[in-house]
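Chains, contacts and geometry: an overview
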Amino acid sequence: MRQYEKTGILSIKDLQAPSKKQFEKGVAILECVQEIPCNPCVDSCPVHAISMKDINAPPVNDFEKCIGCTKCVGVCPGLAIFVIKIKANTAWITLPYEFVTVPKVGDVVQALDRIGKVRGKALVKKVVKYGKTMVVTIEVNSSLAMSIRNIKV
Amino acid sequence: MRIRAHPIIDFKKRKELPFYFQKKKIVGEEGDTIASALHAAGVRTLTTSLKYESPRGFFCGIGKCSSCLMRVNGVPNVRTCIAPLEEGIQVEMQEKLAELPDADFFGEPKKNIDVDVLIVGAGPAGLCAAIESAMQGVSVLIVDENQRVGGQLIKQTHKFFGSKQERAGTRGIDIAKELEDDLRKLESERKISVMTDATVIGCYESDKKYRFGVVERCDYKSVLYDVRCNAVILACGAMENMLLFLGNDLPGVYGAGAVQTLMNVYGVMPGKRVLMVGAGNVGLIVSYQLLQAGIVVDRIVEAAPSIGGYNVHAAKLRRCGVLIQTSHSIKEVCGEKKVEGAVLVRLDVNWKPIKDSEEYIKCDTICLAVGLTPSTRLLSQIGVHLDYIPEAGGYVAPHDESMQTSVKGVYVAGDASGIEEASTAMIEGKIAGLAAAIQLGGSRNKKLLAQYREELGQLRAGPFGEKPRIAKEKIAKLAEVRHASV
């Protein structure tokens, strides 16, 4: 049994790892590792970077093709896609958000990791509405780029 | 307490409807059921145990169990969890077995309906079956017990998985709307008749056609219809399972689906602090929706050593700080008249409680998400063969790949034919609807039938489809035997 099947928490080792250069342009991290019958992310990708062997296979992102456009973030039914962009000491994380209190651009919110622990503050840079899902981009220290996955407004 | 702010659902303030509970005035809202209005006013105890003095609340919330029977305007045994609230009604608790009232049960004489296909249940499977049959040109009557059509889709606020054909990425509540629009269009063209607030009570003797009794509720009384049809599709859904532990009948111990109905359909908070039992997809999804409604989820306990639902659902909860404890279960509920807490216990590799591992937690609501059982009582009454298939959730009707049971012209679809997902229920509904139309000479489109079967196979191909795949393989094998013997 894999650890995440017991805890529900993915580790970075379970995920595809982009290169430094790929992080610099911004890429989508697909935190969807199980074989589940679902493929809207494949259809949503304008550059056909996301692919799947069949509908049950986990999606794979071609980081070379990925342009970090964030379209897949609001589409994913599992709310499991995050776009990460890193430049020097700053990281921008784009994440899906479906709670009542919607943050505004310029707000400082709490940055939470994969177990909901507050790891610091985040500055809200962008909020885009995708249906009822908010696609929020926050700015954090680059050391937290692969840890922060939620916000508390 | 009402939910006024919600990220997905727009809960508008609705018209107030005053009514009486035990002679005391309470104000509900238009669109409420009697039970949801009572719950919003803080009334959780609806009845008492027939055997003991213990108080009881509702459990299933969708008219499947008898945990919410009350007397309304003198009419006993009204299922208050699905009975619509009306202004000025008198709602009373019954004393044990209800007294037979001096009332006119069948207010109006029976009416006759003649139709090609009768569909029982207007959930995802039933709606798709009705639409498919009607599009092939056969006449359809669809009957559902609830005020609204859509079955359990009307409370699914999350986006569905699957592929484009199954409307992946669309929320269940929006799929319900799309299906209802299609249904109403066919209704306006007189291709489908729709009866809500109505129950198919049984199959009766008939020379040629199938004959069913259908009871439509009106002012908490009943109007009887005599329905004749050439084929029937049973898409009656399923009921949530109960779990054995001390205090499991205390008001506040609900099915997870019941809580989902209460908050997402009626906008009523089930409680303030919830313990979820079961980490399958239902337990995980409902837990997240509780958070979205502003309710605290203390934790999720799961008896199995691993999380049964999708990791993406579990991950959403974990990053909100909700703990998921595998190899843990509930031992007992604490509280006299209502839930005040629970004792949890750790389980060993053989699922046996570990001594001295008990932990007390505070909560006012306990949700059970421990599986579902197919609703097959009507199938059984018709005389359809049923077999026990654990992977399907219990007794189910062996059916062929057209969803036809051992009785010619009797079809099943959706959870009633084995527990699975809404996406597969919709395809099964299409298959049953099309197959019935072909059987009645309304269509010859066997190619489309093959395409639907192909889609169904794809959805079941992954590891999460293993259980239904095994169930359906067993069902197919049994169907060969059963059908050959007819």
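That block above? That's the structure.
Residues numbered from 1 in each chain as written. Chains lettered and ligands numbered in written order. Predicted model: local features only at pLDDT ≥ 70, side-chain atom pairs only at ≥ 80, totals over all residues. Heavy atoms only, no water.

1. A look at the overall build of chain B
Scanning chain B from N- to C-terminus turns up 10 helices and 26 strands. Radius of gyration (C-alpha) of chain B: 22 Å, near the 23 Å computed for a compact globule of 486 residues. With the C-alpha coordinates aligned to their principal axes, the bounding extent of chain B is approximately 65 × 55 × 40 Å. Counting every position in chain B, which comprises 486 residues, the buried fraction comes to 58%. Once local pairs closer than 6 in sequence are excluded, the contacts in chain B between residues at least 24 apart make up 61%. On chain B, roughly 20,400 Å² of surface is accessible, and the fraction owed to carbon and sulfur atoms is 51%. Here chain B carries 62 positive and 58 negative side-chain charges, and the mean point of each set is 2 Å from the other. (Helix = DSSP H or I, 4+ residues; strand = E, 2+ residues; numbered from the N terminus. Rg over C-alpha atoms; globule rule 2.2 N^0.38 Å. Buried < 20%, exposed > 50% of the residue type's maximum accessible area, 1.4 Å probe, protein only. Contact = heavy atoms within 4.5 Å. Areas by Shrake-Rupley, 256 points an atom, 1.4 Å probe, with all protein chains shown as cover. Lys, Arg positive; Asp, Glu negative; His and termini not counted. Charge placed at Lys NZ, Arg CZ, Asp CG, Glu CD.)

2. Observations regarding the pattern of salt bridges
Residues and elements named next belong to chain B. Tallying each qualifying case throughout the model produces 36 salt bridges over all chains. The shortest N-O distance in the salt bridge between Arg 184 and Glu 180 comes to 3.1 Å. In this pair, Arg 184 and Glu 180 are both assigned in helix H3 (residues 172-188), four residues apart and thus about one turn of the helix distant. What you see here is one network of salt bridges that share partners, running through Arg 2, Arg 4, Lys 13, Arg 14, Glu 16, Glu 29 and Asp 32. (Salt bridge = Lys/Arg side-chain N within 4 Å of Asp/Glu carboxyl O.)

3. Looking at the packing of helix H5 (residues 281-292) of chain B against helix H6 (residues 311-318) of chain B
Residues and elements named next belong to chain B. Packing of H5 against H6 leaves a shortest axis separation of 9 Å and a crossing angle of 35 degrees. Considering the relative orientation of H5 and H6, their crossing is left-handed. Only His 313, Ala 314, Lys 316 and Leu 317 of H6 make contact with H5, whose side of the interface consists of Asn 281, Leu 284, Ile 285, Ser 287, Tyr 288 and Leu 291. For the contact of H5 with H6, a count of residues per class yields six nonpolar, three polar and one charged. (Axes fitted to C-alpha atoms, helices over the stretch in contact; angles between N-to-C directions. Left-handed = near helix turned anticlockwise from the far one by under 90°. Nonpolar A, V, L, I, M, F, W, Y, C, P; charged D, E, K, R; others polar.)

4. A few points about the sheet that holds strand S16 (residues 273-277) of chain B
Residues and elements named next belong to chain B. The strand order across the open sheet formed by five strands is S15-S22-S16-S17-S18, and the pairing between neighbours is parallel. Across the chains shown, the open sheet's two edge strands, defined by having one partner strand only, are strand S15 (253-255) and strand S18 (323-326). Strand-to-strand, the axes of this sheet are offset by a mean angle of 25 degrees, without reference to chain direction. Note: S15 against strand S22 (residues 365-368), three bridges, orientation parallel. Residue pairing in the sheet places Val 253 in a bridge with Ile 366 of S22. (Pairing = 2+ DSSP bridges.)

5. Here we look at the nonpolar core
Formed by 181 residues in total, the largest nonpolar core has its most connected members in A:Ile138 and B:Leu38. If you tally residues by element for this core, the top one is helix H8 (residues 422-439) of chain B, at 11 residues. Beyond its immediate sequence surroundings of up to four residues, B:Leu38 is in contact with B:Phe19, B:Phe21, B:Ile26, B:Val43, B:Leu46, B:Met70 and B:Val91. (Core = buried A, V, L, I, M, F, W, Y, C linked by side-chain atoms within 4.5 Å.)

6. A look at the interface of chain B and chain A
Taken residue by residue, the interface counts 39 residues in chain B and 42 residues in chain A. Counting each side, the surface lost to burial between chain B and chain A is near 3,200 Å², with a carbon and sulfur contribution of 56%. Joining chain B to chain A, the criterion identifies one salt bridge. A salt bridge links A:Glu98 to B:Arg171; the nearest nitrogen and oxygen atoms lie 2.9 Å apart. Put simply, chain B and chain A have 18 residue pairs in polar contact (both at pLDDT 80 or more) between them. Secondary-structure elements contributing two or more residues to the side of chain B that touches chain A are H5, H6, S18 and helix H9 (446-459) of chain B. If you tally residues by element for the side of chain B that touches chain A, the top one is H6(B), at six residues. For the side of chain B that touches chain A, the residue count by class is 20 nonpolar, 13 polar and six charged. (Buried area = accessible area lost by both parts, 1.4 Å probe. Polar contact = N/O pair within 3.5 Å; in protein donor to acceptor, adjacent residues only side chain to side chain.)

7. A short note on empty space enclosed by the protein
One pass over the full model with this rule turns up nine cavities of 30 Å³ or more. Taken as a whole, the largest cavity spans an internal volume of roughly 120 Å³. Taken together, 18 residues form the lining of the largest cavity, with A:Cys32, A:Cys38, A:Cys41, A:Pro59 and A:Cys76 sitting closest to its centre. Partitioning the lining of the largest cavity into residue classes produces 16 nonpolar, two polar and no charged. Of the voids in this model, the second largest cavity is the one considered here, and its volume is about 110 Å³. In this structure, the second largest cavity is lined by 14 residues; those nearest its centre are A:Leu10, A:Glu31, A:Arg114, B:Ala315 and B:Arg319. It is H6(B) that provides the largest number of residues to the lining of the second largest cavity, a total of three residues. (1 Å grid on protein atoms, 1.4 Å probe; cavity = no way out; pocket = protein on both sides within 12 Å on 5 of 7 lines; lining within 4 Å. Points joined across faces, edges and corners; volume = space filled by probe spheres on them.)

8. Considering the packing of aromatic side chains
For any pair of aromatic rings, the description rests on two quantities: the centre-to-centre distance and the angle between the ring planes. Under the counting rule described, the total for this entry stands at six aromatic pairs over all chains. Their ring planes at 80 degrees and their centres at 4.8 Å tell us that B:Tyr310 and B:Phe464 sit as a pair that is edge-to-face. Linking B:Tyr310 in the loop between strand S17 (296-302) and H6 with B:Phe464 in the loop between H9 and helix H10 (466-485), this pair joins segments that are 154 residues apart in sequence. Grouping aromatic residues by their ring pairs yields a cluster made of A:Tyr97, A:Phe99 and B:Tyr288. (Phe/Tyr/Trp six-rings, centres within 6.5 Å; stacked < 30°, edge-to-face > 60°.)

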